[in-house]
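Architecture and fold: a report
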Amino acid sequence: MAIASRNYTPLTLKKLFALAGNQCSFPGCNNQLVNRLNAKDSNICHIEAANPDGERYNSCMTDKERADYDNLILLCIQHHDMTNDVDIYTVEKLKSMKIQHEDMQGNNKIVRQPSMLTKAINSIADLDIDNIEENDSLIKYDIREKIDYNSLKSSSHVIQTYKIYQSKINTIYDELEDNGSIKKIRLLNNINSIYINISSKYVNDSTDPIDSIRQNSDRIFNEVFDELCLLAEKADHWKDEIMFPVRLIIVDAFMRCKIFERPITTEIIT
C-alpha cells in the first residue's frame, strides 16, 4: 500500500508526464520514461522528500503537498540517484530544472504541432458551463502590476513566460470570428466562470475578498488549470498533449482579466 506522500492523483500524473514530455528533466538527458501510469516510483522524484530520512525533507509540508505536482519532478534512474547530492541539488535548483525542462518541451510541442492550440481552444469553448456573459472589452494594465496585486508567486513564471503567445492566440480568435464563430467569447466566459466558482470557495463571506484571493492565489491558479483539464478531457479530441496549450490559454485569460482581480489602476476601453 502506497504511503500518503506517494499517493499521486491521476491528474497529477498526467500533468507531470505531459508537461515534461515523458522525458527525464535533467539538462541534456533525452531518456524517455515509458508509460505515465506504469513508470517506476524511482522516476517520479520528490523535490522535497516523501520521508523524514529523505533528501531535502520539509517537515512543514503535508503528505498531500508532498505528493502534489509542484513537489514532483521526472528523472531517469541515473539522474534520480545523482540528485541525491543535496549540496549541489537544492530545492531551488531542482525546481528551476523542472521549469526550464517544461518550458523547452512546451515550446517544442507548439512548433511541431501548432494545431494543438486550436484543439485546446475548441475543447474549452465547447464546454457546457453556465456562465456570466461579459463584453470583450480592451483592458490595459501592466502585467507585473496585476501579478503583484494578486500576490501570485510560483504562477508568476508561467504568466511571464507564456505571455508571448498571446499574439498567436489572437490570430486564432480572429480567424474564428471571421468565420462567424463565437468560440472566443464562449471560451473566455467559460474560464471566467470556472475562476469565479473556484475563487468563491476561498472568499466565502470574507470582509476582505482580495486578501483571501492573495493568500490563495497560486492555489487558485492551479485549480483553474486542473478544472479546465478535467473538463476538457471529456471532449472527443482531447489528448494529454494539449495540457501545454491550456496553460497558454489561461495566461491569455489572465491578461484579458478573465481570471484574477484587476489592479485599481486598470483602464478599460469599451
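Preceding this section is the structure that the text describes.
Described below are features of the structure shown in this document.

Calculation notes
- Residues numbered from 1 in each chain as written.
- Predicted model: local features only at pLDDT ≥ 70, side-chain atom pairs only at ≥ 80, totals over all residues.
- Heavy atoms only, no water.
- Helix = DSSP H or I, 4+ residues; strand = E, 2+ residues; numbered from the N terminus.
- Buried < 20%, exposed > 50% of the residue type's maximum accessible area, 1.4 Å probe, protein only.
- 1 Å grid on protein atoms, 1.4 Å probe; cavity = no way out; pocket = protein on both sides within 12 Å on 5 of 7 lines; lining within 4 Å.
- Points joined across faces, edges and corners; volume = space filled by probe spheres on them.
- Salt bridge = Lys/Arg side-chain N within 4 Å of Asp/Glu carboxyl O.
- Core = buried A, V, L, I, M, F, W, Y, C linked by side-chain atoms within 4.5 Å.
- Expected span 1.5 Å × (residues − 1).
- Contact = heavy atoms within 4.5 Å.
- Phe/Tyr/Trp six-rings, centres within 6.5 Å; stacked < 30°, edge-to-face > 60°.
- Lys NZ or Arg CZ within 6 Å of the ring centre and 35° of its normal.

1. Considering the overall build of the protein
- Within the protein one finds 12 helices and four strands.
- In the protein, which comprises 270 residues, the proportion classed as buried is 48%.

2. A word on the layout of surface pockets
- Space inside the largest pocket adds up to approximately 1,400 Å³.
- Around the largest pocket, the lining comprises 44 residues; the ones closest to its centre are Asp68, Asp70, Ser154, Asp218 and Asn222.
- Only helix 1 (10–19), helix 2 (63–66), helix 4 (91–112), helix 7 (154–162), helix 10 (209–215), helix 11 (217–232) and helix 12 (243–255) provide two or more residues apiece to the lining of the largest pocket.
- Here the element with the most residues in the lining of the largest pocket is helix 11; it accounts for 10 residues.

3. Description of the pattern of salt bridges
- Under the criterion given, the structure shown has eight salt bridges.
- Among the ionic pairs, Arg144 bridges to Asp148, the shortest N-O distance being 2.9 Å. In this pair, Arg144 and Asp148 both sit in helix 6 (residues 143–149), four residues apart, roughly one turn of the helix.
- A residue is classified by how much of its surface remains accessible, and Arg144, at 34% relative accessible area, is partly exposed.
- Residue Glu223 pairs with Lys201 through a salt bridge whose shortest N-O separation is 3.1 Å.

4. Description of the nonpolar core
- Grouped together as the largest cluster of nonpolar side chains are 75 residues, with contacts concentrated most on Ile121, Leu187, Leu228, Phe254 and Phe260.
- It is helix 12 that provides the largest number of residues to this core, a total of 10 residues.

5. Notes on helix 4
- Along its 22 residues, helix 4 runs 32 Å from first to last C-alpha, staying within 8% of the 32 Å computed at 1.5 Å per residue.
- Every buried residue of helix 4 is accounted for by Val91, Leu94, Met97, Lys98, His101, Glu102, Asp103, Gln105, Gly106, Lys109 and Ile110.
- Where helix 4 is buried, its residues touch helix 1, strand 2 (72–74), helix 5 (115–125), helix 7, helix 8 (166–178) and helix 12.

6. What to know about the packing of aromatic side chains
- Under the criterion given, the structure shown has seven aromatic pairs.
- Arranged with centres 5.1 Å apart and planes meeting at 90°, the rings of Tyr162 and Phe244 form a pair that is edge-to-face. Remark: Phe244 occurs in helix 12 and Tyr162 occurs in helix 7; sequence separation between them is 82 residues. Judged on exposure class, the residue Tyr162 and its partner Phe244 are both buried.
- Aromatic pair Phe221 and Phe260: ring centres 6.4 Å apart, planes at 25°, arrangement stacked. Separated by 39 residues along the polypeptide, Phe221 in helix 11 and Phe260 in the loop between helix 12 and strand 4 (267–269) bring together distant segments of the chain.
- Taking the relative accessible area as the measure of exposure, Phe221 reaches 6% and is therefore buried.
- One aromatic cluster is present, built from ring pairs that chain together Tyr195, Phe221, Phe254 and Phe260.
- A cation sits over an aromatic face here: Lys146 above Phe254, 4.2 Å from the ring centre.
- The ring centre of Tyr149 lies 4.7 Å from the NZ or CZ of Arg214, which sits over that ring.

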